Amino acid sequence: CIRDRPYAQAPDVVRELTILDTDQGFVAGSGLTLTALTDRQVENLALLGKVWGFLKYHHPAVRSGQRHWDFDLFRVLPGMLEAGDRKEAVGELLTWIHVLGEAPACDPCAQLGDDLDGKPRLDWLKDKKLLGKTLSQKLMEIYENRPADSKQFYISQFPSVGNPIFENEKTYADLDFPDAGYRLLALFRYWNIIEYWFPNRDLIDRDWDEVLVAYLPEVLAADDEESYQLAFLKLIAEVDDGHANLYSADEYRPPVGPDRLPVVVRFIEDQAVVTAFADSLRGPATGLLVGDVILEMDGRKVSELVKEWEPFYPASNQPHRLAGMARNLTRGPWGPCLLKVKRGETTLTLEPVR
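Summarised in this report is the structure supplied together with it. No experiment lies behind these values; they were computed from the predicted model shown.

## Some points on the pattern of salt bridges
Piece 1. Inspection of every chain in the model, using the stated rule, returns 23 salt bridges.
Piece 2. In this structure, the salt-bridge partner of Lys234 is Glu218, at a minimum N-O distance of 3.0 Å. Taken together, the positions of Lys234 in helix α10 (residues 225-237) and Glu218 in helix α9 (residues 208-221) put the pair 16 residues apart, joining distant regions of the chain.
Piece 3. By relative accessible area, which is 21% here, Lys234 ends up partly exposed.
Piece 4. Overall, Glu218 belongs to the partly exposed group, its relative accessible area being 29%.

Listed below in structure tokens is the structure:
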């Protein structure tokens, strides 16, 4: 079986069909058209996202590739959205899990080493107030009966390195724009990847459960390409890691525009300083000089812009984030822009053309 990795394709080997090929139930869309959520729906969907992710990596029917787990999410979503209270939502989850079948007793069972860093946060499985007694017991049984065999359908490890490879995650490139169900799927996928496989999860500044709750209504309301990409750009930035980014969203990342001033800007002691010219002719023609501090852009203080743009610049620390902003600071529509600049002890107003 050839895995779904471009670099692993071999023309003389036929890839074995999987459940992703045979289950075609939602290839045309999830059928979900909801654009707004009540507080109760947010709570129920947050619970669903956590349970969906736990089962993805722990239930034998899912981890072995017997279930198209994306489409199973779409099958349970309507009932979770219609649930009037937590008890009804838990009932929907129990019915859903029952279809998966029992988790057979393991021999041998997987064990977590005492010295393991980044252990999974699974205390919530014991929370009977959150789950109710029956669902809590069911999830604990699944966890305790996980076999020592670590092979998974949706994830593997890079040979000799151990980094996770998220295999068999369909991209659904044929969808013109992801409908509400697919947008929720994207959120649940990413949130659970970070929850279970990100080694620095415990270093994230914001509570990760809080992130899931906060982004549910935002992702669902993102009903056009720009708002959808910006929502996920912000979500990715929540992990505080400069290696994580969404470069396809760069055209929507503020400031927006097809052109920029032909100068190089760096933040030095939190000030946007011109450090070089990107073009030896057009750069000096802007009227800017190396050493100028840009105070305002088109009537907005740079310090205010930095605060406004921070959520859209993933980074592991503030200097790294400011470096990304500096590269885009003068970006905007073609034509004149208004700058307030500090040059030595003098404040100047310039109107260069991008």
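That shown, we press on.
## Structural notes on the pairing of strand β3 (residues 263-268)
Piece 1. Residues Val263, Val265 and Phe267 point to one face of β3 and are all buried, whereas Val264, Arg266 and Ile268, pointing to the other face, are not buried.
Piece 2. Two strands pair when backbone bridges link them, and β3 and strand β4 (residues 271-277) are joined in this way by six bridges, in the antiparallel orientation. For Phe267, the partnering residue across the bridge sits in β4 and is Ala272.
Piece 3. Counting the residues that bridge the hairpin from β3 to β4 gives two residues, and of these Glu269 lies at a positive phi of roughly 55°.

## Digging into the state of the cysteines
Piece 1. This structure, assessed with the given rule, holds one disulfide.
Piece 2. One disulfide in the model links Cys106 with Cys109; its S-S distance is 1.8 Å. In this structure, the disulfide formed by Cys106 and Cys109 twists by about 90° around the S-S bond and is classed as right-handed.
Piece 3. Look at Cys106 and you get buried, because its relative accessible area is 13%.

## Notes on the pairing of strand β5 (residues 293-297)
Piece 1. Extensive coverage of β5 is indicated by the burial of four of its five residues.
Piece 2. Bridge analysis of β5 against strand β7 (residues 339-343) gives four bridges, and the strand direction is antiparallel. Each residue of the ladder has a partner; that of Ile294, found in β7, is Val341.
Piece 3. Pairing of β5 with strand β6 (residues 300-301) involves two bridges; the strand directions are antiparallel. Each bridged residue has a counterpart across the sheet, and for Glu296 the counterpart in β6 is Lys301.
Piece 4. Where β5 hands over to β6, the hairpin turn is made up of two residues, of which Asp298 adopts a positive phi near 50°.

## What about the layout of surface pockets?
Piece 1. A volume near 920 Å³ is recorded for the largest pocket.
Piece 2. What lines the largest pocket is a set of 32 residues, and nearest its centre among them are Leu112, Ser150, Gln152, Tyr196 and Trp197.
Piece 3. Going through the elements one at a time, α2 (39-58), β1 (156-157) and α8 (180-197) are the ones with two or more residues in the lining of the largest pocket.
Piece 4. Top contributing element to the lining of the largest pocket by residue count: α8, with three residues.
Piece 5. Taken together, the residues that form the lining of the largest pocket break down as 15 nonpolar, eight polar and nine charged.
Piece 6. The calculated volume of the second largest pocket comes to roughly 630 Å³.
Piece 7. The wall of the second largest pocket is formed by 20 residues, among which Lys170, Thr171, Ala186, Arg189 and Tyr228 lie closest to the centre.
Piece 8. Among the elements of the structure, α8 and α10 are those that each provide at least two residues to the lining of the second largest pocket.

## Considering α2
Piece 1. With 20 residues, α2 should cover 28 Å at 1.5 Å per step; its first-to-last C-alpha distance of 29 Å lies within 8% of that length.
Piece 2. Of all 20 residues that make up α2, 17 are buried, and the element is covered over most of its length.

## Topic: the packing of α2 against α8
Piece 1. The contact between α2 and α8 brings their axes to 9 Å, and the two run at 60°. Overall, the two elements α2 and α8 adopt an arrangement that is oblique. Here α2 runs over α8; the crossing is right-handed. Note on element contacts: α8 touches α2 through Leu184, Leu185, Phe188, Arg189, Trp191, Asn192, Ile193, Tyr196 and Trp197, opposite Leu45, Leu48, Gly49, Lys50, Trp52, Gly53, Phe54, Lys56, Tyr57 and His58.
Piece 2. Residue composition of the contact of α2 with α8, by class: twelve nonpolar, four polar and three charged.

## A short note on the packing of α2 against helix α5 (residues 86-100)
Piece 1. One can describe the packing of α2 onto α5 by two numbers: an axis separation of 10 Å at closest approach and a directional angle of 25°. Considering the angle they form, α2 stands roughly parallel to α5. Read as a crossing pair, α2 and α5 show a hand that is right-handed. Side by side, α2 and α5 meet where Arg40, Glu43, Asn44, Leu47, Leu48, Val51, Trp52 and Leu55 of the first sit next to Arg86, Ala89, Val90, Leu93, Trp96, Ile97 and Leu100 of the second.
Piece 2. Grouping the constituent residues of the contact of α2 with α5 by class yields eleven nonpolar, one polar and three charged.

## Overview of a negative patch on the surface
Piece 1. On the surface, Asp223, Asp224, Glu225, Glu226 and Glu251 cluster together into a patch of negative charge.
Piece 2. For Glu251, the position within the fold is in the loop between α10 and β3.

## Section: the nonpolar core
Piece 1. Grouped together as the largest cluster of nonpolar side chains are 74 residues, with contacts concentrated most on Leu48, Phe54, Leu55, Trp96 and Leu139.
Piece 2. For this core, the leading source of residues is α8, giving twelve residues.
Piece 3. Each residue touching Leu55, except ones within four places of it in the same chain, is listed here: Val62, Trp69, Trp96, Ile97, Leu100, Leu139 and Ile142.

Procedures and definitions
- Residues numbered from 1 in each chain as written.
- Predicted model: local features only at pLDDT ≥ 70, side-chain atom pairs only at ≥ 80, totals over all residues.
- Heavy atoms only, no water.
- Salt bridge = Lys/Arg side-chain N within 4 Å of Asp/Glu carboxyl O.
- Helix = DSSP H or I, 4+ residues; strand = E, 2+ residues; numbered from the N terminus.
- Buried < 20%, exposed > 50% of the residue type's maximum accessible area, 1.4 Å probe, protein only.
- Pairing = 2+ DSSP bridges.
- Disulfide = S-S within 2.5 Å.
- 1 Å grid on protein atoms, 1.4 Å probe; cavity = no way out; pocket = protein on both sides within 12 Å on 5 of 7 lines; lining within 4 Å.
- Points joined across faces, edges and corners; volume = space filled by probe spheres on them.
- Nonpolar A, V, L, I, M, F, W, Y, C, P; charged D, E, K, R; others polar.
- Expected span 1.5 Å × (residues − 1).
- Axes fitted to C-alpha atoms, helices over the stretch in contact; angles between N-to-C directions.
- Parallel < 35°, antiparallel > 145°, perpendicular 65-115°, else oblique.
- Left-handed = near helix turned anticlockwise from the far one by under 90°.
- Contact = heavy atoms within 4.5 Å.
- Patch = residues over 30% accessible without salt bridge, like charges linked within 9 Å, V, L, I, M, F, W, Y side chains within 5 Å.
- Areas by Shrake-Rupley, 256 points an atom, 1.4 Å probe, with all protein chains shown as cover.
- Lys, Arg positive; Asp, Glu negative; His and termini not counted.
- Charge placed at Lys NZ, Arg CZ, Asp CG, Glu CD.
- Core = buried A, V, L, I, M, F, W, Y, C linked by side-chain atoms within 4.5 Å.

Just geometry here; none of it tells us what the structure is for.
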